[in-house]
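Overview (structure and organization)
Each chain is listed here by its residues.
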Amino acid sequence: MFEKIKNLFKKNETFPCIIWDGKIMKYLDLTQKQIDEMNSNSEKYPGWSVTKKEDC
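Residues numbered from 1 in each chain as written. Predicted model: local features only at pLDDT ≥ 70, side-chain atom pairs only at ≥ 80, totals over all residues. Heavy atoms only, no water.

This part covers the environment of Glu-13. By the secondary structure assignment, Glu-13 is in the loop between α1 (2–8) and β1 (14–20). Excluding its chain neighbours within four sequence positions, the residues that come into contact with Glu-13 are Leu-30, Thr-31 and Gln-32. (Helix = DSSP H or I, 4+ residues; strand = E, 2+ residues; numbered from the N terminus. Contact = heavy atoms within 4.5 Å.)

Okay, structure coming up:
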């Protein structure tokens, strides 16, 4: 129980990213988990691409 509460306050590492959905480009800070979700779930995010700023 304590670990679950502790994980709520743990800060995840974020990366500056460029997100392109075919119409609009956005600049967000995302966690690696969010980046993987957007790149792998084509039903929920059709045509979206996420690129880390350091990879540009």
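A few words now on the nonpolar core. Among the nonpolar cores identified, the biggest contains eight residues, and these are Phe-15, Cys-17, Ile-19, Leu-30, Ile-35, Met-38, Tyr-45 and Val-50. Those elements giving two or more residues to this core turn out to be β1 and α2 (32–40). It is β1 that contributes the most residues to this core, three residues altogether. For Met-38, the residues in contact, after removing those within four places along its chain, are Ile-19, Leu-30, Tyr-45, Trp-48 and Val-50. (Core = buried A, V, L, I, M, F, W, Y, C linked by side-chain atoms within 4.5 Å. Buried < 20%, exposed > 50% of the residue type's maximum accessible area, 1.4 Å probe, protein only.)

Let us look at the side chain of Thr-31. Note on placement: Thr-31 falls in strand β2 (residues 25–31). The class of Thr-31 is buried, set by a relative accessible area of 14%.

As far as function goes, none of this settles anything; it's purely spatial.
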